[in-house]
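# Remarks on the overall topology
Here is how the chains run, residue by residue.
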Amino acid sequence: MAADEDVLPEGAPATRITAMPADANPYGDIFGGWLMGQMDMAAALVASRHSKGRAVTIAVEGMQFHRPVLVGDEVSVFATLVKVGSTSMTIEVEAWRRARHSEETYKVTQARFIFVAIDEVRRPRRVPALANAQ
């Protein structure tokens, strides 16, 4: 359970990984770029699955770091498709940390990732509508 007002997303994370020493600075804090890369990979899984093919990141919006991630932490990345255009997809992504021997979880960062589906010659292609479009 989350230790503050943030609520852990429901369902399984898109990815889960342990932060290792090679991902950290000399003080044991995980690099923000490594964490952003993990979030991009999780969002790419969602985008590729929805578009049924290749999709590329075109923008990252609203990246905010709330807490550090430390060596040995389990990082769970949740990714939710929230908007679909004719060729684009917007995915809300949150990363959560859990210390190796604890059950407390904390949101460490969040952002919106925008992807465009592309064809075999890297031109934008249409994607299916969002199933539960409002």
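In case you missed it, the structure is sitting above this.
The residue numbering used here restarts from 1 in each chain and proceeds along that chain's sequence as written. Only residues with pLDDT of at least 70 are given local features in this predicted model, and only at 80 or more are side-chain atom pairs given and counted; all residues enter the totals for whole chains, interfaces and linings. Side-chain measures here rest on the full set of heavy atoms in the structure, leaving out hydrogens and waters.

Moving on to the nonpolar core. Core analysis: the largest hydrophobic core is formed by 27 residues, its most contacted members being Leu-35, Met-39, Met-89, Ile-91, Val-93 and Phe-115. Elements with a contribution of two residues or more to this core: helix 1 (32-51), strand 3 (74-84), strand 4 (88-98) and strand 5 (105-117). Among the elements that make up this core, the one with the highest residue count is helix 1 (seven residues). By nonpolar core is meant a set of buried Ala, Val, Leu, Ile, Met, Phe, Trp, Tyr and Cys residues that side-chain atoms within 4.5 Å join together. The classification of residues rests on relative accessible area computed with a 1.4 Å probe and restricted to protein chains. Under 20% of the type maximum is buried, over 50% is exposed, and intermediate values are partly exposed. Helix and strand definitions follow DSSP, with helices as H or I runs of at least four residues and strands as E runs of at least two, each counted in order from the N terminus.

Our next topic: the sheet that holds strand 2 (residues 55-65). Strand order in this open sheet of five strands is 1-3-4-5-2, and the pairing throughout is antiparallel. The open sheet has two edge strands with one neighbour each: strand 1 (15-18) and strand 2. Across the sheet, the mean angle separating the axes of adjacent strands is 25 degrees when strand polarity is ignored. Pairs of residues are marked as contacts when any of their non-hydrogen atoms sit within 4.5 Å. To get an axis, fit a line to the C-alpha atoms, keeping to the stretch in contact for a helix; angles then go from 0 to 180 degrees between the N-to-C directions. Helix 1 contacts strand 1, strand 2, strand 3, strand 4 and strand 5 of the sheet and is inclined by roughly 50 degrees relative to strand 5. DSSP calls a pair of strands paired once it identifies at least 2 bridges connecting them.

To continue, consider the side chain of Ser-76. The topology assignment puts Ser-76 in strand 3. Classification of Ser-76 by relative accessible area gives buried; the value is 7%. Contacts described as polar in this section are N or O atom pairs within 3.5 Å, which, within protein, must combine one atom able to donate a hydrogen with one able to accept it, while residues neighboring in sequence count only if both atoms come from side chains. A polar atom in the side chain of Ser-76 sits 3.0 Å from the side chain of Arg-16. Beyond its immediate stretch of four places on either side in the chain, Ser-76 contacts Pro-13, Thr-15, Arg-16, Glu-94, Ala-95 and Trp-96.

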